[in-house]
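Okay, here's what each chain looks like letter by letter:
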Amino acid sequence: MKILVINGPNLNMLGIREPGIYGNSSYDDLCRMIRRKAEELQVEVSIFQSNSEGDIVTRIQQALGQEDAIVINPAAYTHTSIAILDALKAAALPAAEVHISDVTKRESFRSISYAGMACGRHYIGMGFDGYLKAMEDLVKDISSR
Ligand code: DQA
């Protein structure tokens, strides 16, 4: 089983950006946690981060026939990108939306999630653990099919 983890813009700045909201751990720390979880679950993982909407759309398209599930934190594109929503719908793979912070308790413009409309599972405000729980649940979902 192969899982694709996608992170959107500014998530490469974790540990530096707004630590009061996103914590002190770095993007490399997050990648290490994801890789450790993949080993534990005995699945392959591919981790992709981009600050560009088009590159994220392209990577989602490439998942078709390559990966079995997608964990995605589209970051700010969550609230703006119909292109990412459409790409997730086109790939039609089991998908989980992750947000480190609780977007429901922040500015009102963060309350809409386009990408989330194509995701069967949602992990909001759980910090980095949201990614790990998303991986666990997607593996369970796929294994029980
Ligand atoms: C985020 C929340 C988004 O609103 C924000 O633009 C991000 C990160 C989160 O993980 O909490 O960049 O997706």
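Every value quoted in this text rests on a predicted model; they were computed, and no experiment measured them. (Residues numbered from 1 in each chain as written. Predicted model: local features only at pLDDT ≥ 70, side-chain atom pairs only at ≥ 80, totals over all residues. Heavy atoms only, no water.)

> Looking at this structure, how should I read the side chain of histidine 99?
Tracing the backbone through its elements, the reader meets histidine 99 in strand S4 (residues 95-99). Relative accessible area serves as the criterion here: at 4%, histidine 99 is assigned to the buried category. (Helix = DSSP H or I, 4+ residues; strand = E, 2+ residues; numbered from the N terminus. Buried < 20%, exposed > 50% of the residue type's maximum accessible area, 1.4 Å probe, protein only.)

> What exactly am I supposed to notice about the environment of tyrosine 22 here?
Relative to the elements of secondary structure, tyrosine 22 occurs in helix H1 (residues 19-22). Here the alpha-carbon distance between tyrosine 22 and isoleucine 100, two residues 78 residues apart in the chain, equals 6.5 Å. For tyrosine 22, the contacting residues outside a window of four places in its chain are Leu14, Arg17, Ile100, Ser101, Arg106 and Phe128. Separated by 3.5 Å, the side chains of tyrosine 22 and arginine 17 make a polar contact. Only 2.9 Å separates the side chain of tyrosine 22 from the side chain of arginine 106, close enough to count as a polar contact. (Contact = heavy atoms within 4.5 Å. Polar contact = N/O pair within 3.5 Å; in protein donor to acceptor, adjacent residues only side chain to side chain.)

> I would appreciate a short explanation of the pattern of salt bridges in the present structure.
Pairing between side chains of opposite charge can happen when their charged atoms approach one another. Counted under the stated rule, the structure contains 11 salt bridges. Among the salt bridges present, the one from arginine 121 reaches aspartate 141, with a minimum N-O distance of 2.8 Å. You can see arginine 121 sitting in strand S5 (residues 121-124) and its partner aspartate 141 sitting in helix H5 (residues 129-143), a full 20 residues away along the chain. Note on arginine 121: relative accessible area 28%, which makes it partly exposed. Ionic pairing is found between lysine 140 and aspartate 137, a salt bridge with its closest N-O pair at 3.9 Å. Here lysine 140 pairs with aspartate 137, and both are found in helix H5, just three residues apart, close to one helical turn. Overall, the relative accessible area of 53% leaves lysine 140 in the exposed class. Each of Arg121, Lys133, Asp137, Lys140 and Asp141 takes part in salt bridges that share partners, so that together they form one network. (Salt bridge = Lys/Arg side-chain N within 4 Å of Asp/Glu carboxyl O.)

> Explain the packing of helix H3 (residues 53-63) against helix H4 (residues 82-91) to me, please; I cannot follow it from the model alone.
Angle between the axes and distance between the axes: these two values describe a pair of packed helices. Where H3 meets H4, the axes come as close as 9 Å, and the angle between the chain directions of the two elements is 5°. Comparing their axes, H4 and H3 come out roughly parallel. Of H4, the residues touching H3 (which contributes Glu53, Ile56, Val57 and Ile60) are Ala83, Ile84, Ala87, Leu88 and Ala91. When its residues are assigned to classes, the contact of H3 with H4 shows eight nonpolar, no polar and one charged. (Axes fitted to C-alpha atoms, helices over the stretch in contact; angles between N-to-C directions. Parallel < 35°, antiparallel > 145°, perpendicular 65-115°, else oblique. Nonpolar A, V, L, I, M, F, W, Y, C, P; charged D, E, K, R; others polar.)

> I tried to follow the site of the ligand on my own but got confused; where do I start?
Every residue close to the ligand is listed here: Arg17, Tyr22, Asn73, Ala75, Ala76, His79, His99, Ile100, Ser101, Val103 and Arg110. One of the side-chain nitrogen or oxygen atoms of serine 101 is found 2.6 Å away from an oxygen atom of the ligand. Here an oxygen atom of the ligand sits 2.9 Å away from a polar atom, N or O, in the side chain of arginine 110. Coverage of the ligand by the protein amounts to 98% of the 320 Å² it exposes when considered alone. Taken atom by atom, the bulk of the ligand overlaps the largest pocket. Class assignment of the residues belonging to the shell around the ligand gives a composition of five nonpolar, four polar and two charged. (Near = heavy atom within 4 Å. Areas by Shrake-Rupley, 256 points an atom, 1.4 Å probe, with all protein chains shown as cover. 1 Å grid on protein atoms, 1.4 Å probe; cavity = no way out; pocket = protein on both sides within 12 Å on 5 of 7 lines; lining within 4 Å. Sits in = over half its atoms within 2 Å of the grid points.)

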